[in-house]
Amino acid sequence: MICNRIGITDFRNIPSADVSFDSGVNLLWGDNAQGKTNLLEAICYTALGKSFRPVKDAEIIRFGAESASIVNHFTDSLREQTISFRLSPGKARRVEQNGVRVSRMSDMVGAFRIVLFCPEHLSLIQGGPELRRNYLNVALSQLRPLYLQSLQRYNQVLKERNKLLKLAEEDMATFRATEPMWSYQLAHEAAVIADHRDRYVTMVNEAVRVCFAEMTSEKEIPELKYVNSLGLTGDALRDRDSVQKKYLELLSTRHEREIGAGATLYGIHKDDVAVTLNGRPARLYASQGQQRSLALAMKLAEGDICQRLGEGEMPVFLFDDVLSELDIHRRAYLMGRMEGRQVIMTACDPTAKEMARGTVRCIRVRNGVYEDA
(Lines give C-alpha, C1' and ligand atoms only; values in the text may rest on other atoms or scores of the structure.)
Protein backbone atom coordinates (compact mmCIF):
# COMPACT_ATOMS: atom_id res chain seq x y z
CA MET A 1 0.00 0.00 0.00
CA ILE A 2 1.42 3.37 -1.06
CA CYS A 3 0.25 6.91 -0.35
CA ASN A 4 1.07 8.56 -3.69
CA ARG A 5 -0.21 12.05 -3.02
CA ILE A 6 -2.29 13.99 -0.55
CA GLY A 7 -4.17 17.21 -1.21
CA ILE A 8 -5.10 19.44 1.71
CA THR A 9 -7.06 22.67 2.02
CA ASP A 10 -7.50 24.70 5.20
CA PHE A 11 -6.47 21.90 7.52
CA ARG A 12 -4.71 23.10 10.70
CA ASN A 13 -2.08 25.66 9.58
CA ILE A 14 -2.09 24.40 5.98
CA PRO A 15 -3.96 26.80 3.62
CA SER A 16 -3.38 24.64 0.56
CA ALA A 17 -0.93 21.83 -0.20
CA ASP A 18 -0.49 19.02 -2.69
CA VAL A 19 2.32 16.72 -1.57
CA SER A 20 3.52 13.61 -3.38
CA PHE A 21 5.57 10.80 -1.84
CA ASP A 22 8.03 8.17 -3.00
CA SER A 23 7.39 4.50 -2.28
CA GLY A 24 10.33 4.31 0.14
CA VAL A 25 11.37 6.68 2.93
CA ASN A 26 10.06 10.26 2.87
CA LEU A 27 11.42 12.81 5.35
CA LEU A 28 9.45 15.92 6.32
CA TRP A 29 11.87 18.30 8.02
CA GLY A 30 11.68 21.81 9.40
CA ASP A 31 11.38 23.77 12.62
CA ASN A 32 8.70 23.07 15.20
CA ALA A 33 5.12 24.24 14.55
CA GLN A 34 5.60 24.46 10.78
CA GLY A 35 3.16 21.72 9.71
CA LYS A 36 5.09 18.45 9.74
CA THR A 37 2.86 16.65 12.22
CA ASN A 38 -0.23 18.28 10.72
CA LEU A 39 0.49 16.57 7.42
CA LEU A 40 0.84 13.19 9.15
CA GLU A 41 -2.40 13.92 10.98
CA ALA A 42 -4.19 14.51 7.67
CA ILE A 43 -2.88 11.22 6.25
CA CYS A 44 -3.90 9.41 9.43
CA TYR A 45 -7.36 10.99 9.25
CA THR A 46 -8.00 9.38 5.86
CA ALA A 47 -7.14 5.98 7.33
CA LEU A 48 -9.02 6.13 10.63
CA GLY A 49 -11.69 8.74 10.00
CA LYS A 50 -10.41 10.73 12.94
CA SER A 51 -7.34 12.54 14.24
CA PHE A 52 -4.78 10.80 16.41
CA ARG A 53 -5.01 13.86 18.63
CA PRO A 54 -7.87 14.33 21.13
CA VAL A 55 -9.70 17.05 19.16
CA LYS A 56 -13.06 17.65 17.52
CA ASP A 57 -13.36 18.08 13.77
CA ALA A 58 -14.19 21.78 14.11
CA GLU A 59 -10.84 22.36 15.82
CA ILE A 60 -8.79 21.13 12.86
CA ILE A 61 -10.30 23.55 10.36
CA ARG A 62 -7.88 26.42 9.73
CA PHE A 63 -8.81 29.55 11.68
CA GLY A 64 -11.07 31.79 9.61
CA ALA A 65 -11.83 29.12 6.98
CA GLU A 66 -15.33 27.86 6.27
CA SER A 67 -14.30 24.24 5.74
CA ALA A 68 -11.36 21.89 5.36
CA SER A 69 -10.71 19.11 2.88
CA ILE A 70 -8.31 16.16 2.57
CA VAL A 71 -7.91 13.96 -0.49
CA ASN A 72 -5.66 10.91 -0.28
CA HIS A 73 -4.55 9.32 -3.57
CA PHE A 74 -3.16 5.88 -2.80
CA THR A 75 -2.45 2.54 -4.44
CA ASP A 76 -3.15 -0.90 -3.05
CA SER A 77 -2.34 -4.25 -4.61
CA LEU A 78 -5.27 -3.94 -7.01
CA ARG A 79 -5.63 -0.34 -8.16
CA GLU A 80 -5.31 3.37 -7.54
CA GLN A 81 -7.90 4.74 -5.13
CA THR A 82 -8.96 7.97 -3.45
CA ILE A 83 -10.46 8.76 -0.08
CA SER A 84 -11.67 12.30 0.58
CA PHE A 85 -13.07 14.20 3.55
CA ARG A 86 -14.75 17.59 3.66
CA LEU A 87 -15.23 19.07 7.13
CA SER A 88 -17.54 22.00 7.85
CA PRO A 89 -18.48 23.46 11.26
CA GLY A 90 -21.96 22.44 12.36
CA LYS A 91 -22.44 20.07 9.43
CA ALA A 92 -21.96 16.37 8.89
CA ARG A 93 -18.66 15.68 7.19
CA ARG A 94 -18.74 14.47 3.63
CA VAL A 95 -16.75 11.28 3.00
CA GLU A 96 -16.13 9.74 -0.41
CA GLN A 97 -14.21 6.70 -1.59
CA ASN A 98 -13.39 6.67 -5.29
CA GLY A 99 -15.98 9.39 -5.79
CA VAL A 100 -18.79 7.46 -4.08
CA ARG A 101 -20.38 8.85 -0.93
CA VAL A 102 -19.67 6.82 2.22
CA SER A 103 -22.39 6.92 4.87
CA ARG A 104 -20.75 4.75 7.55
CA MET A 105 -17.13 5.06 8.66
CA SER A 106 -16.93 1.31 9.18
CA ASP A 107 -17.39 0.93 5.41
CA MET A 108 -14.30 3.05 4.75
CA VAL A 109 -11.85 2.35 7.57
CA GLY A 110 -9.39 -0.31 6.47
CA ALA A 111 -9.29 0.68 2.81
CA PHE A 112 -6.08 2.63 3.48
CA ARG A 113 -4.05 1.25 6.38
CA ILE A 114 -1.37 2.91 8.46
CA VAL A 115 0.82 2.26 11.45
CA LEU A 116 1.44 5.46 13.39
CA PHE A 117 4.43 5.69 15.70
CA CYS A 118 4.89 8.85 17.76
CA PRO A 119 6.71 9.69 21.03
CA GLU A 120 3.54 9.03 23.05
CA HIS A 121 3.64 5.40 21.95
CA LEU A 122 6.93 4.93 23.77
CA SER A 123 4.75 5.05 26.90
CA LEU A 124 2.71 2.02 25.85
CA ILE A 125 4.30 0.00 28.65
CA GLN A 126 4.58 2.64 31.35
CA GLY A 127 1.31 4.44 30.59
CA GLY A 128 -2.24 3.64 31.60
CA PRO A 129 -4.62 1.01 30.18
CA GLU A 130 -6.29 3.53 27.86
CA LEU A 131 -3.13 3.71 25.74
CA ARG A 132 -3.07 -0.04 25.26
CA ARG A 133 -6.81 -0.22 24.56
CA ASN A 134 -6.39 2.46 21.91
CA TYR A 135 -3.50 0.45 20.44
CA LEU A 136 -5.86 -2.52 20.03
CA ASN A 137 -8.76 -0.44 18.73
CA VAL A 138 -6.73 1.32 16.03
CA ALA A 139 -5.14 -1.90 14.81
CA LEU A 140 -8.29 -4.01 14.84
CA SER A 141 -10.55 -1.33 13.36
CA GLN A 142 -8.40 -1.24 10.23
CA LEU A 143 -8.43 -5.03 9.88
CA ARG A 144 -11.91 -6.03 10.98
CA PRO A 145 -14.90 -3.87 9.92
CA LEU A 146 -17.19 -5.89 12.22
CA TYR A 147 -14.93 -5.03 15.15
CA LEU A 148 -15.27 -1.32 14.44
CA GLN A 149 -19.04 -1.63 14.12
CA SER A 150 -19.25 -3.43 17.47
CA LEU A 151 -16.95 -0.89 19.10
CA GLN A 152 -19.08 2.01 17.82
CA ARG A 153 -22.27 0.39 19.09
CA TYR A 154 -20.63 -0.43 22.42
CA ASN A 155 -19.47 3.15 22.96
CA GLN A 156 -22.91 4.54 22.16
CA VAL A 157 -24.68 2.10 24.48
CA LEU A 158 -22.09 2.78 27.20
CA LYS A 159 -22.80 6.50 26.91
CA GLU A 160 -26.55 5.95 27.32
CA ARG A 161 -26.13 3.50 30.21
CA ASN A 162 -23.84 5.94 32.04
CA LYS A 163 -26.45 8.68 31.68
CA LEU A 164 -29.00 6.31 33.17
CA LEU A 165 -26.75 5.48 36.12
CA LYS A 166 -26.13 9.15 36.91
CA LEU A 167 -29.87 9.83 37.06
CA ALA A 168 -30.84 6.57 38.78
CA GLU A 169 -31.22 7.95 42.29
CA GLU A 170 -33.56 10.67 41.02
CA ASP A 171 -35.61 8.37 38.79
CA MET A 172 -35.29 4.76 39.90
CA ALA A 173 -38.40 3.71 37.97
CA THR A 174 -36.87 4.67 34.64
CA PHE A 175 -33.62 2.98 35.61
CA ARG A 176 -35.33 -0.31 36.43
CA ALA A 177 -37.39 -0.20 33.26
CA THR A 178 -34.58 0.52 30.80
CA GLU A 179 -31.37 -0.80 32.41
CA PRO A 180 -31.91 -4.43 31.27
CA MET A 181 -32.07 -3.34 27.62
CA TRP A 182 -28.85 -1.30 27.78
CA SER A 183 -27.03 -3.99 29.77
CA TYR A 184 -28.04 -6.70 27.30
CA GLN A 185 -26.76 -4.68 24.34
CA LEU A 186 -23.55 -3.80 26.15
CA ALA A 187 -22.90 -7.44 27.09
CA HIS A 188 -23.54 -8.59 23.52
CA GLU A 189 -21.02 -6.20 21.97
CA ALA A 190 -18.53 -6.80 24.79
CA ALA A 191 -18.46 -10.52 23.95
CA VAL A 192 -17.66 -9.79 20.30
CA ILE A 193 -14.96 -7.25 21.10
CA ALA A 194 -13.31 -9.36 23.80
CA ASP A 195 -12.97 -12.30 21.41
CA HIS A 196 -11.33 -10.12 18.73
CA ARG A 197 -8.98 -8.50 21.22
CA ASP A 198 -7.81 -11.76 22.74
CA ARG A 199 -7.08 -13.28 19.33
CA TYR A 200 -5.14 -10.19 18.31
CA VAL A 201 -3.08 -10.01 21.51
CA THR A 202 -2.12 -13.66 21.00
CA MET A 203 -0.66 -12.75 17.59
CA VAL A 204 1.02 -9.63 18.97
CA ASN A 205 2.64 -11.69 21.73
CA GLU A 206 4.30 -13.98 19.22
CA ALA A 207 5.55 -11.11 17.03
CA VAL A 208 6.82 -9.08 20.01
CA ARG A 209 8.91 -11.98 21.27
CA VAL A 210 10.66 -12.23 17.89
CA CYS A 211 11.24 -8.46 17.61
CA PHE A 212 12.42 -8.11 21.19
CA ALA A 213 14.92 -10.95 20.83
CA GLU A 214 16.31 -9.49 17.60
CA MET A 215 16.53 -5.99 19.02
CA THR A 216 18.09 -6.67 22.39
CA SER A 217 20.00 -9.93 21.93
CA GLU A 218 18.93 -10.64 25.49
CA LYS A 219 17.47 -13.74 27.12
CA GLU A 220 14.55 -11.93 28.73
CA ILE A 221 11.20 -13.27 27.56
CA PRO A 222 8.34 -10.80 27.13
CA GLU A 223 4.72 -11.88 27.31
CA LEU A 224 1.51 -10.02 26.49
CA LYS A 225 -1.86 -11.16 27.81
CA TYR A 226 -5.31 -9.74 27.33
CA VAL A 227 -6.93 -8.77 30.63
CA ASN A 228 -10.70 -8.27 30.91
CA SER A 229 -13.40 -7.88 33.54
CA LEU A 230 -14.20 -11.59 33.42
CA GLY A 231 -10.65 -12.83 33.83
CA LEU A 232 -11.06 -15.07 30.77
CA THR A 233 -8.66 -15.80 27.91
CA GLY A 234 -8.31 -18.13 24.96
CA ASP A 235 -10.98 -20.78 24.35
CA ALA A 236 -13.19 -19.40 27.11
CA LEU A 237 -13.63 -16.18 25.12
CA ARG A 238 -14.49 -18.00 21.90
CA ASP A 239 -17.89 -19.02 23.30
CA ARG A 240 -19.49 -15.64 22.79
CA ASP A 241 -22.91 -16.68 24.13
CA SER A 242 -21.36 -17.78 27.40
CA VAL A 243 -19.22 -14.66 27.60
CA GLN A 244 -22.25 -12.47 26.95
CA LYS A 245 -24.09 -14.15 29.83
CA LYS A 246 -21.17 -13.58 32.17
CA TYR A 247 -20.93 -9.89 31.25
CA LEU A 248 -24.69 -9.53 31.65
CA GLU A 249 -24.54 -11.10 35.10
CA LEU A 250 -21.93 -8.57 36.19
CA LEU A 251 -23.88 -5.66 34.76
CA SER A 252 -27.14 -6.85 36.32
CA THR A 253 -25.95 -7.59 39.85
CA ARG A 254 -23.71 -4.63 40.71
CA HIS A 255 -26.22 -1.79 40.44
CA GLU A 256 -25.64 -0.28 43.86
CA ARG A 257 -21.93 0.13 43.27
CA GLU A 258 -22.38 1.49 39.74
CA ILE A 259 -25.05 3.97 40.80
CA GLY A 260 -22.72 5.19 43.52
CA ALA A 261 -19.97 5.68 40.95
CA GLY A 262 -22.34 7.10 38.34
CA ALA A 263 -20.68 4.99 35.67
CA THR A 264 -20.49 1.49 34.21
CA LEU A 265 -17.74 -0.34 36.06
CA TYR A 266 -17.62 -3.58 34.05
CA GLY A 267 -16.97 -4.15 30.39
CA ILE A 268 -14.36 -3.93 27.66
CA HIS A 269 -13.80 -0.21 28.34
CA LYS A 270 -11.91 -1.41 31.44
CA ASP A 271 -9.69 -3.88 29.56
CA ASP A 272 -5.91 -3.86 29.53
CA VAL A 273 -2.96 -5.69 28.02
CA ALA A 274 -0.64 -7.05 30.71
CA VAL A 275 2.99 -6.88 29.58
CA THR A 276 5.54 -8.87 31.54
CA LEU A 277 9.25 -9.53 31.20
CA ASN A 278 10.37 -12.86 32.64
CA GLY A 279 7.02 -13.07 34.40
CA ARG A 280 7.31 -9.71 36.16
CA PRO A 281 5.26 -6.58 35.26
CA ALA A 282 7.30 -4.66 32.69
CA ARG A 283 5.96 -1.28 33.82
CA LEU A 284 7.45 -1.86 37.28
CA TYR A 285 10.55 -3.96 36.72
CA ALA A 286 11.75 -3.36 33.15
CA SER A 287 14.37 -0.67 32.59
CA GLN A 288 13.48 2.37 30.49
CA GLY A 289 15.45 0.89 27.61
CA GLN A 290 13.60 -2.41 27.88
CA GLN A 291 10.25 -0.61 28.02
CA ARG A 292 11.10 1.32 24.87
CA SER A 293 12.18 -1.87 23.12
CA LEU A 294 8.87 -3.49 24.07
CA ALA A 295 6.87 -0.48 22.84
CA LEU A 296 8.79 -0.46 19.57
CA ALA A 297 8.24 -4.20 19.20
CA MET A 298 4.49 -3.71 19.71
CA LYS A 299 4.31 -1.14 16.90
CA LEU A 300 6.36 -3.33 14.57
CA ALA A 301 4.09 -6.26 15.46
CA GLU A 302 1.12 -4.09 14.49
CA GLY A 303 2.62 -3.65 11.03
CA ASP A 304 3.53 -7.32 10.62
CA ILE A 305 0.04 -8.47 11.59
CA CYS A 306 -1.57 -5.87 9.35
CA GLN A 307 0.40 -7.27 6.43
CA ARG A 308 -0.41 -10.87 7.37
CA LEU A 309 -4.15 -10.37 7.82
CA GLY A 310 -4.38 -7.82 5.03
CA GLU A 311 -3.59 -10.39 2.33
CA GLY A 312 0.05 -9.35 2.09
CA GLU A 313 -0.72 -5.63 1.82
CA MET A 314 1.84 -3.58 3.73
CA PRO A 315 0.54 -0.58 5.68
CA VAL A 316 2.08 2.87 5.36
CA PHE A 317 4.29 3.74 8.34
CA LEU A 318 4.01 7.23 9.82
CA PHE A 319 6.81 8.23 12.22
CA ASP A 320 6.26 11.53 14.02
CA ASP A 321 9.65 12.67 15.33
CA VAL A 322 10.12 9.28 16.94
CA LEU A 323 13.68 8.62 15.78
CA SER A 324 15.04 11.40 17.96
CA GLU A 325 13.56 9.58 20.97
CA LEU A 326 15.37 6.32 20.23
CA ASP A 327 19.03 5.46 20.75
CA ILE A 328 21.28 4.57 17.83
CA HIS A 329 20.75 0.81 18.19
CA ARG A 330 16.95 1.01 18.22
CA ARG A 331 16.89 3.53 15.36
CA ALA A 332 19.04 1.24 13.25
CA TYR A 333 16.83 -1.75 14.01
CA LEU A 334 13.64 0.18 13.25
CA MET A 335 14.85 1.53 9.91
CA GLY A 336 16.30 -1.84 8.97
CA ARG A 337 12.83 -3.31 9.39
CA MET A 338 11.41 -0.63 7.08
CA GLU A 339 13.19 -1.76 3.93
CA GLY A 340 10.67 -2.33 1.17
CA ARG A 341 7.96 -0.33 2.96
CA GLN A 342 6.72 3.21 2.57
CA VAL A 343 7.68 5.46 5.48
CA ILE A 344 6.67 9.09 5.96
CA MET A 345 8.55 10.54 8.91
CA THR A 346 9.11 13.95 10.49
CA ALA A 347 12.21 15.50 12.02
CA CYS A 348 13.55 18.94 12.85
CA ASP A 349 16.96 18.17 11.34
CA PRO A 350 17.53 17.17 7.69
CA THR A 351 20.43 14.97 8.80
CA ALA A 352 17.73 12.56 10.06
CA LYS A 353 17.86 11.08 6.57
CA GLU A 354 21.14 9.48 7.61
CA MET A 355 19.15 7.29 10.00
CA ALA A 356 17.47 5.59 7.06
CA ARG A 357 18.94 3.21 4.53
CA GLY A 358 19.01 3.85 0.80
CA THR A 359 17.44 6.83 -0.95
CA VAL A 360 15.40 9.25 1.13
CA ARG A 361 13.13 11.90 -0.32
CA CYS A 362 13.50 15.12 1.68
CA ILE A 363 10.65 17.63 1.88
CA ARG A 364 11.25 20.98 3.58
CA VAL A 365 8.32 22.27 5.64
CA ARG A 366 7.86 25.99 6.32
CA ASN A 367 4.62 27.46 7.68
CA GLY A 368 2.39 24.91 5.98
CA VAL A 369 4.31 24.92 2.70
CA TYR A 370 6.01 21.74 1.44
CA GLU A 371 8.93 21.88 -1.00
CA ASP A 372 11.47 19.34 -2.19
CA ALA A 373 14.81 19.93 -0.49
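To start, this report covers the structure provided alongside it. Just so we're clear, the structure is a prediction, and the values are computed from it rather than from any experiment.

Rules and cut-offs
- Residues numbered from 1 in each chain as written.
- Predicted model: local features only at pLDDT ≥ 70, side-chain atom pairs only at ≥ 80, totals over all residues.
- Heavy atoms only, no water.
- Axes fitted to C-alpha atoms, helices over the stretch in contact; angles between N-to-C directions.
- Helix = DSSP H or I, 4+ residues; strand = E, 2+ residues; numbered from the N terminus.
- Parallel < 35°, antiparallel > 145°, perpendicular 65-115°, else oblique.
- Contact = heavy atoms within 4.5 Å.
- Nonpolar A, V, L, I, M, F, W, Y, C, P; charged D, E, K, R; others polar.
- Expected span 1.5 Å × (residues − 1).
- Buried < 20%, exposed > 50% of the residue type's maximum accessible area, 1.4 Å probe, protein only.
- Arc of directions from axis to C-beta.
- Polar contact = N/O pair within 3.5 Å; in protein donor to acceptor, adjacent residues only side chain to side chain.
- Left-handed = near helix turned anticlockwise from the far one by under 90°.

## Looking at the packing of helix α2 (residues 129-143) against helix α3 (residues 145-166)
Then, number 1: Interaxial distance between α2 and α3 falls to 5 Å at its minimum, and their mutual angle equals 125°. Viewed along their axes, α2 and α3 adopt a mutual orientation that is oblique. Contacts between α2 and α3 involve N137, L140, S141 and L143 on the former and, on the latter, P145, Y147, L148 and L151.
Then, number 2: Across the contact of α2 with α3, the residue classes tally to six nonpolar, two polar and no charged.

## Concerning helix α6 (residues 240-253)
Then, number 1: Taking 1.5 Å per residue, 14 residues should reach 20 Å; α6 reaches 20 Å between its end C-alpha atoms and fits that length.
Then, number 2: Within α6 the residues assigned to the buried category are V243, Q244, Y247, L250 and L251. The buried residues of α6 all sit within an arc of 125° when viewed along its axis, so they share a single face. For α6, the exposed residues lying more than 90 degrees away from the buried face are D241, K245 and E249.

## Considering the environment of R197
Then, number 1: The topology assignment puts R197 in helix α4 (residues 172-216).
Then, number 2: Between the C-alpha atom of R197 and that of F63, which follows or precedes it by 134 residues, the distance is 39 Å.
Then, number 3: Among residues more than four places away in sequence, those in contact with R197 are R133, L136, N137, L140, Y147, L151, Y226, I268 and D271.
Then, number 4: Among the polar contacts made by the side chain of R197, one reaches the side chain of N137 at a distance of 2.9 Å.

## Remarks on the packing of α2 against helix α9 (residues 288-309)
Then, number 1: At a minimum axis separation of 10 Å, α2 and α9 run at an interaxial angle of 15°. One finds that α2 runs roughly parallel with respect to α9. Helix-helix and strand crossings are classified by hand; for α2 and α9 the assignment is right-handed. Within the contact between the two elements, α2 uses Y135, V138, A139, Q142 and L143 and α9 uses M298, K299, A301, E302, I305, C306 and L309.

## Describing unusual backbone geometry
Then, number 1: Positive phi, close to 55°, is recorded for N98, a residue that is not glycine.
Then, number 2: Mapped onto the elements of the fold, N98 is located in the loop between β6 (94-97) and β7 (100-101).
Then, number 3: According to the relative accessible area criterion, N98 is partly exposed, its value standing at 30%.

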